[in-house]
Amino acid sequence: MTVFCTTERMLLRRFTAEDGDELAALHGDAEVMRFLGDGKPVPAEVVKRETLPSLLSDYDRLGGLGVFAAEAGGEFLGWFELRPDGPESLDDVELGYRLHRHFWGTGLATEGARALVRLGFTELGVRRVYATTMAVNHPSRRVMEKAGLRHIRTFHEDWPDPIPGSEHGEVEYELLREDWRA
């Protein structure tokens with residue numbers, strides 16, 4: 001097991017090929033996926049055949065950054081992301097998180113987000129951390145704010161199959177290293 005970072009209540013580690021069932025259960029929950037993609041659960045076979053292999057290949061391609069399984073006491077909680085768009089932009093990273101519903105409202109998302117922001121700025125040479133979500137996803141927006149990110153824009157995507165709430169747009173939040181240090 002390759003641990004990426006630890007927080008007070010959990011550890012974030014690299015996914016392994018053995019994590020397919022856990023990841024599929026998370027991505028297969030309609031409530032977890034409500035504000036993502038087409039707003040629908042992802043079939044387990046797609047998660048195991050496409051999503052997980054993509055996450056595993058990102059670690060080498062992105063200098064060790066990517067999406068990390070979150071666990072506590074051996075229990076899979078969900079995942080956290082600290083991932084650039086590509087190897088050419090390792091100092092400009094996206095923060096993301098996805099937790100099983102029974103961990104919502106426990107402060108774990110904020111705890112993990114803050115830990116990744118701190119790690120990015122203190123040890124990984126990150127210049128900017130950003131995050132996006134649907135404007136109507138208020139709990140996720142609150143996590144971004146608690147992690148120190150600030151709303152910088154609201155924008156509208158042209159979705160082929162818009163989901164409820166998409167008419168309000170997407171929001172982008174960011175935090176720059178120099179602002180974090182101040």
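For the structure itself, look to the data block above.
A brief look at the structure comes next.

Definitions and limits used
- Residues numbered from 1 in each chain as written.
- Predicted model: local features only at pLDDT ≥ 70, side-chain atom pairs only at ≥ 80, totals over all residues.
- Heavy atoms only, no water.
- Core = buried A, V, L, I, M, F, W, Y, C linked by side-chain atoms within 4.5 Å.
- Buried < 20%, exposed > 50% of the residue type's maximum accessible area, 1.4 Å probe, protein only.
- Helix = DSSP H or I, 4+ residues; strand = E, 2+ residues; numbered from the N terminus.
- Contact = heavy atoms within 4.5 Å.
- Pairing = 2+ DSSP bridges.
- Phe/Tyr/Trp six-rings, centres within 6.5 Å; stacked < 30°, edge-to-face > 60°.
- Axes fitted to C-alpha atoms, helices over the stretch in contact; angles between N-to-C directions.
- Salt bridge = Lys/Arg side-chain N within 4 Å of Asp/Glu carboxyl O.

### Looking at the nonpolar core
Of all hydrophobic cores here, the largest spans 49 residues; its most connected members are Phe15, Leu95 and Leu149. At eight residues, helix H3 (residues 108-122) tops the list of elements feeding residues into this core. The residues contacting Leu95, other than those within four sequence positions of it, are Glu81, Ala113, Leu116, Val117, Val129, Tyr130, Ala131 and Leu149.

### Let's talk about the pairing of strand E8 (residues 170-176)
Burial of E8 is extensive: seven of the seven residues sit out of reach of the surface. Neither face of E8 is exposed, since Glu170, Glu172, Glu174 and Leu176 on one face and Val171, Tyr173 and Leu175 on the opposite face are all buried. Here seven bridges tie strand E6 (residues 128-134) to E8, and the two strands are oriented antiparallel to one another. Following the sheet pairing, Thr132 is matched in E8 by Glu172. Note that strand E7 (residues 150-155) and E8 share five bridges and pair antiparallel. Within E8, the residue paired with Arg150 across the bridge is Glu174.

### Quick notes on the packing of aromatic side chains
Across all of its chains, the model carries five aromatic pairs by this definition. Judged by centre distance (3.9 Å) and plane angle (10°), the ring pair of Phe4 and Phe68 falls under stacked. Pair noted here: Phe4 is in strand E1 (residues 3-6) and Phe68 is in strand E3 (residues 66-72), with a separation of 64 residues, a long-range link. Chaining the aromatic ring pairs together yields one cluster made of Phe4, Tyr59 and Phe68.

### Digging into the environment of Leu12
Relative to the assigned elements, Leu12 resides in strand E2 (residues 11-14). Once the C-alpha coordinates of Leu12 and Glu22 are considered, the two residues, ten residues apart in sequence, prove to be 15 Å apart. Non-local contacts of Leu12, meaning those with residues more than four positions away in its chain, are made with Val3, Phe4, Cys5, Phe68, Ala69, Ala70, Phe80 and Leu116.

### Thoughts on the sheet that holds E7
Read across the sheet, eight strands follow the order E1-E2-E3-E4-E5-E6-E8-E7 without closing on themselves; strand pairing throughout is mixed. This sheet does not close on itself; its edge strands, each paired only once, are E1 and E7. Between one strand and the next, the sheet's axes are offset by a mean angle of 25°, whatever the strand orientation. For E1 and E2, the ladder comprises three bridges, and the chain directions are antiparallel. Among the inter-strand pairings, Val3 is bridged to a residue of E2, identified as Arg13. Seen against the sheet, helix H4 (residues 138-146) touches strand E5 (92-99), E6, E7 and E8 and runs at an angle of roughly 165° to E6.

### Some words on the pattern of salt bridges
A full pass over the atoms with the stated rule returns 18 salt bridges. Between Arg83 and Glu81 there is a salt bridge whose closest N-O contact spans 2.6 Å. The class of Arg83 is partly exposed, set by a relative accessible area of 22%. On the basis of relative accessibility, which here comes to 5%, the residue Glu81 falls in the buried class. Each of the salt bridges in this network shares a partner with another, and the network as a whole consists of Asp91, Asp92, Arg127, Arg128, Arg153, Glu172 and Glu174.

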